[in-house]
Amino acid sequence: MAYSAWVSLYEWDLVMPARWVGADNYRALVSTEFLEVVTNTVKYSVGVVVLSQALGLALAVLLNDRTRVGALLQASIFSSYVVSWVAVSLLWIWLLDPQYGLVAYLLRLVGVRGVNWLGDHRWALWTLVLVTVWKTVGYPMVIYLAGLQAIPGDLYEAAALDGAGGWQRFRHITWPLLTPTTLFLLVTLTITSFQGFDIVKIMTQGGPVTSTVIYVYYIYEQAFQYFKLGKASAAVVLFFIVIVALTFAQWLAFRRRVHYLA
Amino acid sequence: MSPTRVPIRALTVAGLAVVALIEVFPYVWMVSTSLKDMAGVTRFPPTLWPSPPHWENYAKAWTSGPFLRYAVNNAIQTLGILICQLFFGCLAGFAFSKLRWRGRDACFLIVIACLIVPPQVRFVPLYMLFSKLGLLNTYASLIVPYAVSALGTFLIRDAFLQVSDDIVDAARVDGAGTFTIIFRVLAPIVRPTLVAFSLFSVVYHWNDFFWPLVMTTSEAVRTLPIGVAMLREEGTGDRWHVIMAGSMFVVAPVLAVFIVAQRHIIRAFTFTSLK
């Protein structure tokens, strides 16, 4: 414990010299380049969070039974979550290869011309979003499943007796009772998607041009390719503030939730 | 069940099966590609099962870099981190749950605060620290930053709190020392928590690419994910059979464990995040 307290103190001491250079590092950050990084990060995050949460919820609701088939499907969908980002990224570069890739072949079979997934600056970021959702959707699914299993079954029976259909039961029982889960996932997925790095480093190196440079990759580039440690540290500090703010928002949301129930 | 229900149910199952197929088939393709030769990789239309299978791709990938070194390093890193995290987690969990001391709750708040600091925030300052200490490119730079896990401490404390103080007192009366109480009495009782956390930690660190990439430049301490990522940089694009074979070195152990212990692993990931 003393160790982690010590490290956490040291972190900030080491960031301080960056500040002594003046606010220059922060001023250097305010640029069109940085603005693009922030825009990319927000696009990537929103894409990943919205898609994986919606898909995760849908899968959880449909798979919420304790049959063997259900368990098998759950496990297959979750499996990618434990596989290394490096392997997943390499695999998808190969699958999306414009010439020999499986995806291009399958699309040609159904007569669709695929886009240049990773080579086109209009598509590359969204391709990363799709691959990320493919890899991580199992996580919101199992968290939602845990949330669903906490909902008492008699609520549904009572609603069914009152003549509520499937959609109505979802709308008035499942969805409101899952609100804490949804909030939890919203914040957790936002924070983890802000941390996206491996997939960019391996699949696109930020390209084409700078269309897939997202936040952590930017910090990495500044620190280890341009050796601007001061600027990188300034970016780290901003990043930290955003994460603390998000966590605080989550805490507030949860507290309000508890008041509602009480 | 009304007659319209049956087709809806069948459609749902079919839809879910398609999703599961989309999730799993790429791994089948990975294995299939890893057994092709160059001609098979670029053949059009692509074939699913290469004949004859080219197992030598695995040997090619393994010898294209010091992969034995990478694998050993990966194991040292993953297990080193796990042992430290469990050891310190049990000690701190005990101090935070079964001992009373001034400032305990304040210190515990600091631990909770550490939970929200991701490695991507710490790497720049820690990199500078380790380079000042001359510890870059050592196992220490891979293991020490993760030696104490806030999450682990939190989970273990929580589990220890569930154990009645009477058990601790009884052990003490029997003459057990603090270490015996922690590791011989309490740890076995909270084994499910320890197992769940261990699975989580091992999967995370075995796959970790970011931290070793930042902290190491020397092949002597680099790990499998880095070695595999470098396979692609070595050659031109069409060596996909070798790259896929190499990827299996990272993927296969995790998937093998996952297939055997899927229920435990899914529970571990749910448990570690919902607490």
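Just so it is clear, the model here is predicted, and its values are computed rather than measured. (Residues numbered from 1 in each chain as written. Chains lettered and ligands numbered in written order. Predicted model: local features only at pLDDT ≥ 70, side-chain atom pairs only at ≥ 80, totals over all residues.)

Some remarks on the overall build of chain B
Going by this rule: Only DSSP runs of H or I covering at least 4 residues are called helices, and only runs of E covering at least 2 are called strands; the numbering of each starts at the N terminus. For this measure, only C-alpha atoms enter the radius of gyration; the expected value for a globule follows 2.2 Å times N^0.38, where N is the number of residues. Backbone-placed C-beta atoms define the burial measure: a residue is buried with 20 or more other C-beta atoms within 10 Å of its own, exposed with 12 or fewer, and partly exposed in between. We call two residues in contact if the C-beta atoms placed from their backbones are at most 7 Å apart.
Helix and strand content of chain B: 15 helices and 0 strands. The C-alpha radius of gyration of chain B comes to 24 Å, more than 25% above the 19 Å expected for a compact globule of 275 residues. The C-alpha extent of chain B, read off along each of the three principal axes, is 75 × 70 × 35 Å. The proportion of buried residues among the 275 residues of chain B is 40%. Taking contacts inside chain B between residues at least 6 apart in sequence as the whole, the part at least 24 apart equals 77%.

Here we look at the overall build of chain A
What chain A contains, in helices and strands, is 14 helices and 0 strands. The order of helices and strands in chain A, counted from the N terminus, is α-α-α-α-α-α-α-α-α-α-α-α-α-α. For chain A, buried positions account for 41% of its 262 residues. Looking at chain A alone, contacts between residues at least 24 apart form 71% of all its contacts between residues at least 6 apart.

Remarks on the domain arrangement of chain B
Short version of the rule: For each domain, the first and last residues come from an automatic or database assignment.
For chain B, the assigned domains read domain 1 (5–59) and domain 2 (65–234). Computed over C-alpha atoms, the centres of domain 1 of chain B and domain 2 of chain B are 37 Å apart.

Section: the packing of helix 5 (residues 85–95) of chain A against helix 14 (residues 240–260) of chain B
Which entries qualify depends on this criterion: All axes are obtained by fitting lines to C-alpha atoms, using only the stretch in contact for helices, and the reported angles, taken between N-to-C directions, cover 0 to 180 degrees. Should an angle fall under 35 degrees it is called roughly parallel, over 145 degrees roughly antiparallel, and 65 to 115 degrees roughly perpendicular, with every other angle called oblique. Less than a right angle of anticlockwise turn of the near helix away from the far helix marks a crossing as left-handed, whereas a clockwise turn marks it as right-handed. Three classes are used: nonpolar for Ala, Val, Leu, Ile, Met, Phe, Trp, Tyr, Cys and Pro, charged for Asp, Glu, Lys and Arg, and polar for all others, with Gly counted as polar.
As a packed pair, helix 5 of chain A and helix 14 of chain B sit with axes 9 Å apart at the nearest point and diverge in direction by 155°. By the angle between their axes, helix 5 of chain A is roughly antiparallel relative to helix 14 of chain B. Viewed along their axes, helix 5 of chain A and helix 14 of chain B form a crossing whose handedness is left-handed. Contacts between helix 5 of chain A and helix 14 of chain B pair V86, A87, L90, L91 and W94 of chain A from the former with W240, I243, M244, S247, V250 and V251 of chain B from the latter. Residues belonging to the contact of helix 5 of chain A with helix 14 of chain B are distributed by class as follows: 10 nonpolar, 1 polar and no charged.

Details of the confidence of the model for chain A
All names here are of chain A. Selection criterion: A residue's pLDDT is simply how confident the predictor is in it, with values from 0 to 100.
Of the residues in chain A, 86% have a pLDDT of 70 or more, and the chain-wide mean is 83. The element-level mean pLDDT for chain A is lowest in helix 1 (residues 2–20), coming to 42, with helix 7 (residues 124–136) highest at 95. Below pLDDT 50 for its whole length, residues 258–262 participates in 0 contacts with residues either more than four positions away or in separate chains.

Considering the environment of S79 of chain A
In this fold, S79 of chain A is placed in helix 4 (residues 68–79). What makes S79 of chain A buried here is the crowd of 22 C-beta atoms within 10 Å. In this structure the C-alpha to C-alpha distance between S79 of chain A and G166 of chain A, which are 87 residues apart in sequence, comes to 29 Å. Once you skip the residues sitting within four places of it in the chain, S79 of chain A turns out to touch E23, V24, L255 and F258 of chain B.

A few points about the interface of chain A and chain B
Every contact between the two is made by 53 residues of chain A and, on the other side, 55 residues of chain B. With 9 residues, the single largest contributor to the side of chain A that touches chain B is helix 14 (residues 229–261) of chain A. Residue composition of the side of chain A that touches chain B, grouped by class: 41 nonpolar, 10 polar and 2 charged.

Quick notes on the nonpolar core
Counted only if it meets this: In plain words, the nonpolar core is the set of buried Ala, Val, Leu, Ile, Met, Phe, Trp, Tyr and Cys residues that C-beta atoms within 7 Å link up.
V86, A87, L128, M141, I214 and I219 of chain A together with V124 of chain B are the most contacted members of the largest nonpolar core, which has 136 residues in total. Two domains share this core, each providing at least three of its residues, namely domain 1 (5–59) and domain 2 (65–234) of chain B. Once you skip the residues sitting within four places of it in the chain, L128 of chain A turns out to touch Y44, I199, V200, M203, T204 and T212 of chain A.

Describing unusual backbone geometry
Between G207 of chain A and the following residue, P208 of chain A, the backbone shows a cis peptide bond with an omega angle of -10°. Note on placement: P208 of chain A falls in the loop between helix 12 (198–203) and helix 13 (215–224). In this structure, Q205 of chain A is a non-glycine residue whose phi angle is positive, near 50°. As for its position among the elements, Q205 of chain A is in the loop between helix 12 and helix 13. Residue class for Q205 of chain A comes out partly exposed when judged on the 13 C-beta atoms lying within 10 Å of it. One non-glycine residue, N137 of chain B, lies in positive phi territory at about 60°. Locating N137 of chain B in the fold gives a position in the loop between helix 6 (119–132) and helix 7 (139–143).

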